[in-house]
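# Summary of the model geometry
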Amino acid sequence: MTPKDSWRLPLTIVFVFLGILLSAQFQVQSRLVSDLSMQKTEDLITMVRNLSDKRLQLETELIDAQSKLASIRSSRADEKKIAENLTAELNKLAIVNGTQEVKGPGLKITIPANSPVLYVDIVSIINELWAAGAEAIAVNGNRINLYTSFYYAETENYMFITLNHKPLYFPIIIEAIGNPNTLEKGLTLPGGIIDNLILFHIEPQLEQVEELTLPAVINEPFFSEAVEVKNN
Amino acid sequence: MWMPLLGLLFGAILGSAISFEIPIAYAKYMSIAVLASLDSVFGGIKSVLEDRFDGFILLTGFFSNTLLAAMLAYLGDKLGVDLYMAAVFAFGVRLFQNLATIRHHLISRTLRNLGPDKR
């Protein structure tokens, strides 16, 4: 290294350190600018004000959202209640129309074979059962609803009772769901239907059953022409 | 000629690669140190142009100036004397004087190289 070039190495070293110092200072300074404690008081006041404004706004938003949530929840609860009521109503109607298989305690009436029974007697028994509070009735496994028809058919030497235009064979078993005691009392009260039948030597056997299962009707009722008339 | 500039670049890259965790409270002393080191560097360049360069003096001057400036500013803060201001003033004035001298030398040297027998 000639004396003339001797400046290079020291100066380079110094420049390296200057570079390090400068970039360090640059970093510190950029941190300083973004540091909160180095901000102007006015700026800080504005920031605080903005932030508290924002917080207030967010709080009101939160309250709004919460009340909305509460109203939605309550309306949902209402809807649920309505749906439950409708379902209960539907179930009731299904039982009444016989579109649903039902089970429950009830009375089983067996009319033995070769009883001189007429179709009107069956109808009378069923009417009596309805009157005594039967909730569902089936005859020989055929659910009775408001479309069920009883009649009779004759051949040359024999007479059938028909149910929905199909012969009804003996023994005729009438099953009714309801309070078993009430149903039995309804039939056996003095001068009632059983007393009448006994006069004709028909002796139905009554049996209270813990649980009867009645099938649904085979043909569900349908309405194509009838339209509901709405009052008011 | 280009070696010191390359050194500066290398130092800057090195410094940005290492992240310095200097507390904000010491940033002031850091800035004084930077000012002092700048002054030293320009002094060194000036002495190169004046052909009076001494590497040892430059190196010691660079480090001692930097450290002393920072320490004096710190001491001043502790004693309640604004030595910070004095350092900024002193180094600032010397920095601009050095810059002026460097400019002067560069101009005169360029003129000497252009005109064969100027000055």
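Since the model is a prediction, treat every value here as computed from it, not as a measurement. (Residues numbered from 1 in each chain as written. Chains lettered and ligands numbered in written order. Predicted model: local features only at pLDDT ≥ 70, side-chain atom pairs only at ≥ 80, totals over all residues.)

### Quick notes on the overall build of chain A
Scanning chain A for helices and strands turns up 5 helices and 8 strands. Starting at the N terminus and ending at the C terminus, chain A contains elements arranged as α-α-β-α-β-β-β-β-β-β-α-α-β. When burial is assessed residue by residue, chain A has 22% of its 232 residues classed as buried. Of the contacts formed within chain A by residues at least 6 apart in sequence, a portion of 78% connects residues at least 24 apart. (Helix = DSSP H or I, 4+ residues; strand = E, 2+ residues; numbered from the N terminus. Buried ≥ 20, exposed ≤ 12 C-beta atoms within 10 Å, placed from the backbone. Contact = placed C-beta atoms within 7 Å.)

### A look at the sheet that holds strand 5 (residues 159–163) of chain A
All names here are of chain A. Read across the sheet, 3 strands follow the order 4-5-6 without closing on themselves; strand pairing throughout is antiparallel. Edge strands, defined here as strands with exactly one partner in the open sheet, are strand 4 (150–154) and strand 6 (166–168). Pairwise comparison of adjacent strand axes, ignoring direction, gives a mean angle of 50 degrees for this sheet. Of the strand pairs in this sheet, strand 5 and strand 6 are connected by 3 bridges, and their pairing is antiparallel. (Pairing = 2+ DSSP bridges. Axes fitted to C-alpha atoms, helices over the stretch in contact; angles between N-to-C directions.)

### Examining the interface of chain A and chain B
Contacts between chain A and chain B engage 25 residues on the former and 30 residues on the latter. For the side of chain A that touches chain B, the class distribution of residues is 16 nonpolar, 6 polar and 3 charged. (Nonpolar A, V, L, I, M, F, W, Y, C, P; charged D, E, K, R; others polar.)

### Quick look at the environment of A:G98
All names here are of chain A. Checked against the element boundaries, G98 lands in the loop between helix 2 (41–97) and strand 1 (102–111). Classification of G98 by C-beta neighbours within 10 Å gives buried; the count is 25. Taking C-alpha positions, G98 is 10.0 Å from N142, a pair spaced 44 residues apart along the chain. Setting aside residues no more than four positions away along its own chain, G98 makes contact with A136, R143, N145, A216 and V217.

### What about the confidence of the model for chain B?
Residues and elements named next belong to chain B. Confidence along chain B averages 84 in pLDDT terms, with 95% of residues attaining 70 or more. The secondary structure element of chain B with the lowest average pLDDT is helix 1 (residues 3–17), at 82, and the one with the highest is helix 4 (residues 83–114), at 88. Across the whole predicted complex the pTM is 0.46, and at the interface the ipTM reaches 0.80. (pLDDT = per-residue confidence, 0-100.)

### Details of the sheet that holds strand 8 (residues 205–214) of chain A
Residue and element names in this part refer to chain A. Strand order in the open sheet made by the 5 strands is 3-2-7-1-8, with antiparallel pairing throughout. With partners counted over all chains shown, the strands left at the sheet margins are strand 3 (142–143) and strand 8, one partner each. As defined by bridge partners, strand 2 (residues 136–139) adjoins strand 3 across 2 bridges and the pair is classed as antiparallel. Bridge assignment links A138 to a residue of strand 3, and that residue is R143. Docked against the sheet, helix 4 (residues 180–188) engages strand 1, strand 7 (172–177) and strand 8, running at close to 30 degrees with respect to strand 1.

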